[in-house]
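These are the residues of each chain, in order.
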Amino acid sequence: MAKIFSGVQPTSIPTLGNYLGAMRNFATLQEGNECIYCIVDEHAITVPQDPKEIQSNIHSLAALYLAMGIDPKRSILFIQSEVPCHAQLGWIMQCTSYMGELERMTQFKDKSKGKQAIPAGLLTYPPLMAADILLYQTDLVPVGADQKQHLELTRDLAERFNNKYGDVFTMPEPYIPPVGARIMSLAEPTKKMSKSDANRKATIFTLDSEKDIIKKIKSATTDDEATVRYDRETKPGISNLLDIFSLCSGTSLDELVAKYQGKGYGEFKTDVAEAVVSMIKPIQERYNNLIESKELDEILDEGADKAYSIAKKTLTKAEAALGIGRHN
Ligand code: TYM
């Protein structure tokens, strides 16, 4: 039985990329493992957020976690800011990190590029993420490919701390799926599909209407060859749609390529859209039943209590190893 931890930022409604790259695996990993899933609202405020919007996104994300199959009887679901150990171990991880390694993080470089005033939290984002993971003695972290570098840093920090102060943290491994780890933008398929893309046609959100999903997929950038085949280098748009189609329908890439031999992109795109809609619709139906329910708050309260009791033990161990506070 492995210990699983992962988190999603409530910076918008999760995208199809978030779902296919990470969240769909959250539910399947519940089988035979101990899973803890988090709404990482403290990470979200490393860039300015509208208070009303983030409140609403936190509630939606909680309901979506459940709608996507997280079972609160088997797994812990909680909000990061409601368990203070995250910020506390986050500080200890900051003190374990070096400026140089934090400045080298791709996400920091991307998000700070061209900014006059760079929030310090953007730089110290990865040590907080390391704290999230290490607090629960996590074995496996299901994430998309964009989080690989943060996972490597987490391992470096855990190793550095353990070497200096004794065996406090379990060494976590990333769990990156072979297909879907990097779902690309529909408008510019050489770029990652992102929550914050200014082009609304680039990104499918998991609460988009059927009409919008169809429109976005129909307008997805492809190429002039008019042949459905998989080649990430020369046909990034079609290859991305094939990945999406395969994951949403459970049909292999080879079968899909064979099925669309001699057929045009129009028919292919119609079928991709249909597969996405049929996968997303049941999630949206469950979401609509959950979003107004009282149950949601009860689940989050219970989740925060359970998470705290695990996290507190690791935090105390780390503080004792460092010799801060009082320990007999
Ligand atoms: P976030 O909120 O940006 O994304 C949530 C998850 O979705 C994955 N993802 C994608 N996968 C495939 N294709 C895409 N286009 C795509 N876009 C996003 C991400 O890799 C992620 O797994 N730093 C994390 C949140 C975090 C976290 C943690 C994760 C904070 N603490 C501890 C794991 C463990 C993030 O920004 O995810």
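Residues numbered from 1 in each chain as written. Predicted model: local features only at pLDDT ≥ 70, side-chain atom pairs only at ≥ 80, totals over all residues. Heavy atoms only, no water.

- Per an unreviewed UniProt entry, the chain carries the name Tryptophan--tRNA ligase and comes from Sporolactobacillus kofuensis.
- UniProt annotates the chain under Catalytic activity (unreviewed entry) with the comment "tRNA(Trp) + L-tryptophan + ATP = L-tryptophyl-tRNA(Trp) + AMP + diphosphate + H(+)".
- Under Subcellular location (unreviewed entry), UniProt gives the following word-for-word description of the chain: "Cytoplasm". (UniProt positions renumbered as here; feature names shortened; annotations may be inferred.)

## Structural notes on the pairing of strand β3 (residues 76-79)
Item 1. Residues Ile 76 and Phe 78 point to one face of β3 and Leu 77 and Ile 79 to the other, with burial holding for every one of them.
Item 2. Here four bridges tie strand β2 (residues 34-39) to β3, and the two strands are oriented parallel to one another. Looking across to β3, one finds that Ile 39 is bridged to Ile 79. (Buried < 20%, exposed > 50% of the residue type's maximum accessible area, 1.4 Å probe, protein only. Helix = DSSP H or I, 4+ residues; strand = E, 2+ residues; numbered from the N terminus. Pairing = 2+ DSSP bridges.)

## What to know about the packing of aromatic side chains
Item 1. One pass over the structure, following the stated rule, counts 10 aromatic pairs.
Item 2. Measuring from centroid to centroid gives 4.5 Å for Phe 26 and Tyr 37, while their planes differ by 15 degrees, and the two rings are stacked. Note that Phe 26 is positioned in helix α1 (residues 16-28) and Tyr 37 in strand β2, a separation of 11 residues in sequence.
Item 3. Using a relative accessible area of 0% as the deciding quantity, one classes Tyr 37 as buried.
Item 4. Their ring planes at 55 degrees and their centres at 6.0 Å tell us that Phe 245 and Phe 268 sit as a pair that is tilted. Of the two residues, Phe 245 sits in helix α11 (residues 236-249) while Phe 268 sits in helix α13 (residues 265-290), which places them 23 residues apart along the sequence.
Item 5. Residue class for Phe 268 comes out buried when judged on its relative accessible area of 0%. (Phe/Tyr/Trp six-rings, centres within 6.5 Å; stacked < 30°, edge-to-face > 60°.)

## Structural notes on the side chain of Ser 97
Item 1. On the secondary structure map, Ser 97 appears in the loop between α4 (85-96) and α5 (99-103).
Item 2. Judged by relative accessible area, which is 11%, Ser 97 ranks as buried.
Item 3. When near neighbours in sequence (up to four residues on either side) are disregarded, Ser 97 contacts Leu 102, Pro 127, Leu 157 and Arg 160. (Contact = heavy atoms within 4.5 Å.)

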